[in-house]
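Chain and residue survey
Chain by chain, the residues run as shown.
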Amino acid sequence: MDFPPYPSGLRLGGRRVVVVGGGNVAQRRVPQLIAAGADVHVVSPEATPAIEGLVGSGEVTWHRRRFEDADLDGAWYVVAVTDDPAVNDRVSELAEQQRIFCVRSDDATRGTAWTPAVGRHAGVTVAVLGNRDPRRSAAVRDEVLAGLRDGRIAAPHHRDRTPGVTLVGGGPGDPELMSVAGRKALMEADVVVADRLAPRELLGELPADVELVDVAKLPRSRSAQQAEINRVIVERALAGKRVVRFKGGDNFVFGRGYEEVIACREAGVPVTVIPGLTSPVAVPAIAGIPVTHRGITHEFTVVSGHLPPGHPESLVDFDALGRLRGTVVLMMGVENSPEIAKALLVGGREAGTPVAIVCDGTMPTQRTVLATLSTLGETVATERVQPPAIIVIGEVVRVAFPDSFPDPFPDPGTPADG
């Protein structure tokens, strides 16, 4: 009779585990055993480069020879993963005699243990056995882990209810680009303070008892608005609430997130940060534009364009920016783009420098408008470009759109690592 397996969690920390074989299957198994703290011994005449690396770092002991009966002495667990059935037979035979549980990669029915699909999250280990169907096991494991990570699966009394503030970057707008850690924090929140660029669809998934504070309804002056945000998050946290400050992009890239960190620290409120995909890199990537490219640019600069060149409060050295050869990524610069383009031209940039304007990046209404530095202001007006939009200036735009900018760019030369 084919009985189902009896699941049990093995505590292998410091205990000898023998892996017979050094090929690709062993390469998948060994890191899991190391993660469990096992004293891993690999027995094989050859090993993959990855296993050799683990040997070099001292994480694995390699017996560089064929299997010998004495290799199982003192072992608690053995994995037979050679491509020689006779060797695997001998390993499992000896393991049976010595009452050591044995996994067989070539024929699971002839082993005394099966390797489950394993994943871990927040102190929980998920192990799935799908009746020797590894793809099904892995699929079920991944679904459970996804539910744990984004908060859909959790015992209510085990949810983290520690008062404090978590700054969550929502990424460029598409909810699918939100981190799993950020989603989980949202699902565990008592209060969510959200701005208009945070992924809107995710707010609809919040539990009904979560208080939602819409930042767009706060006073419109930037300084007044930020002061009120600081007051709200600190006040709610001091009242024992778990607060999530939910923003688009990343909190620390023109997001004023560190002002909120300072406010929390001054009030004695615990504060943590979950970064989001930063829009000046992610949005061009989604639009097919690399911000760097081998042989084309060795730097990229992210610039806030909310103040025009020459404004007394501007901290940007546009003359220096014009002398650079790399990519310029302009944020919040739609309104001031004509003046910024002129300043870059005065600083030394070529008039024909390619420009891409990515509007509503990652959203269903996303579109990309092309221009040159000399025509940027005119193009913004004629194409009726509205915020949010990210403006990419530099030769990488030519790389992405060679038909629109046919002039040759430098030969990238011989291939290089990285």
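The shown structure was predicted, so the numbers you read here are calculated from the model rather than taken from an experiment. (Residues numbered from 1 in each chain as written. Predicted model: local features only at pLDDT ≥ 70, side-chain atom pairs only at ≥ 80, totals over all residues. Heavy atoms only, no water.)

Looking only at helices and strands, one finds 13 helices and 17 strands in the protein. Contacts in the protein between residues far apart in sequence, at least 24 positions, make up 62% of those at least 6 positions apart. Positive and negative charge centroids in the protein, built from 44 and 52 side chains respectively, lie 4 Å apart. (Helix = DSSP H or I, 4+ residues; strand = E, 2+ residues; numbered from the N terminus. Contact = heavy atoms within 4.5 Å. Lys, Arg positive; Asp, Glu negative; His and termini not counted. Charge placed at Lys NZ, Arg CZ, Asp CG, Glu CD.)

The next subject is the sheet that holds strand 17 (residues 389-393). Reading across from one edge, 13-14-17-15-16 is the order of the five strands in this open sheet, with mixed pairing throughout. In the strand order of this sheet, the two ends are held by strand 13 (300-304) and strand 16 (367-372), each with one partner. For this sheet the average axis-to-axis angle between neighbouring strands, irrespective of direction, equals 20 degrees. Together, strand 13, strand 14 (327-331), strand 15 (354-359) and strand 17 form the strand contacts of helix 9 (residues 279-286), whose direction differs from that of strand 17 by roughly 80 degrees. (Pairing = 2+ DSSP bridges. Axes fitted to C-alpha atoms, helices over the stretch in contact; angles between N-to-C directions.)

Moving on: the nonpolar core. One finds Leu344, Val355, Ile357, Leu376, Val385, Ile391 and Ile393 to be the most contacted residues of the largest nonpolar core, which totals 22 residues. Mapped by element, the contributors of at least two residues to this core are helix 10 (318-323), strand 14, helix 11 (337-347), strand 15, strand 16, helix 12 (376-382) and strand 17. Looking at this core element by element, the count peaks at four residues for helix 11. In this structure Leu376 touches Ser337, Ala341, Val355, Ile357, Ala371 and Ile391, once residues within four positions along its chain are discounted. One finds Val30, Ala38, Val42 and Ala47 within the second-largest nonpolar core, a separate group that totals 19 residues. (Core = buried A, V, L, I, M, F, W, Y, C linked by side-chain atoms within 4.5 Å. Buried < 20%, exposed > 50% of the residue type's maximum accessible area, 1.4 Å probe, protein only.)

Let's shift gears to helix 9. Of all the residues in helix 9, the buried ones are Ser279, Pro280, Ala282, Val283 and Pro284. Tucked into the core, helix 9 has its buried residues touching strand 13, strand 14, strand 15 and strand 17. Positioned one or two residues after helix 9, Gly288 has a phi angle of 85 degrees, which is positive.

All right, on to the pairing of strand 8 (residues 164-169) then. Of all six residues that make up strand 8, six are buried, and the element is covered over most of its length. Here strand 8 shows a buried face lined by Gly164, Thr166 and Val168 and a second buried face lined by Val165, Leu167 and Gly169. Two elements, strand 8 and strand 11 (residues 242-247), share six bridges in a ladder whose sense is parallel. Each residue of the ladder has a partner; that of Val165, found in strand 11, is Val243.

This part is about the side chain of Arg236. Here Arg236 is to be found in helix 7 (residues 222-238). A distance of 2.7 Å separates polar atoms of two side chains, one belonging to Arg236 and the other to Glu211. Residues contacting Arg236, with those up to four places away along its chain left out, are Val191, Glu211, Val213, Lys241 and Val243. (Polar contact = N/O pair within 3.5 Å; in protein donor to acceptor, adjacent residues only side chain to side chain.)

Taken as a whole and assessed by the stated rule, the structure comprises 19 salt bridges. Between Arg66 and Asp84 there is a salt bridge; the shortest N-O distance is 3.8 Å. One end of the pair, Arg66, is in the loop between strand 3 (61-63) and strand 4 (77-80); the other, Asp84, is in the loop between strand 4 and helix 3 (85-97), and 18 residues separate them in sequence. Residue classification places Arg66 among the exposed positions, given a relative accessible area of 55%. In this structure, Glu260 and Arg245 form a salt bridge, with 3.0 Å as the shortest nitrogen-oxygen distance. Separated by 15 residues along the polypeptide, Glu260 in helix 8 (residues 257-266) and Arg245 in strand 11 bring together distant segments of the chain. Owing to a relative accessible area of 0%, Glu260 belongs among the buried residues under this scheme. One network of salt bridges, with partners in common, ties together Glu211, Glu228, Arg231, Glu235 and Arg236. (Salt bridge = Lys/Arg side-chain N within 4 Å of Asp/Glu carboxyl O.)

With respect to the helices and strands, Val271 occurs in strand 12 (residues 271-274). Sequence spacing of Val271 and Val144 is 127 residues, and the spatial spacing of their C-alpha atoms is 28 Å. With sequence-adjacent residues up to four places away left out, Val271 is seen in contact with Val165, Leu167, Val261, Cys264 and Arg265.

Following the criterion strictly, the structure yields one aromatic pair and no others. With centroids separated by 5.6 Å and ring planes inclined at 70 degrees, the aromatic side chains of Phe252 and Tyr258 adopt a geometry described as edge-to-face. When its relative accessible area of 40% is taken as the criterion, Phe252 is described as partly exposed. Taking NZ or CZ as reference, Arg15 lies 4.5 Å from the ring centre of Trp76, over its face. (Phe/Tyr/Trp six-rings, centres within 6.5 Å; stacked < 30°, edge-to-face > 60°. Lys NZ or Arg CZ within 6 Å of the ring centre and 35° of its normal.)

It is worth stressing that arrangement in space is one thing and function is another; only the former is reported here.
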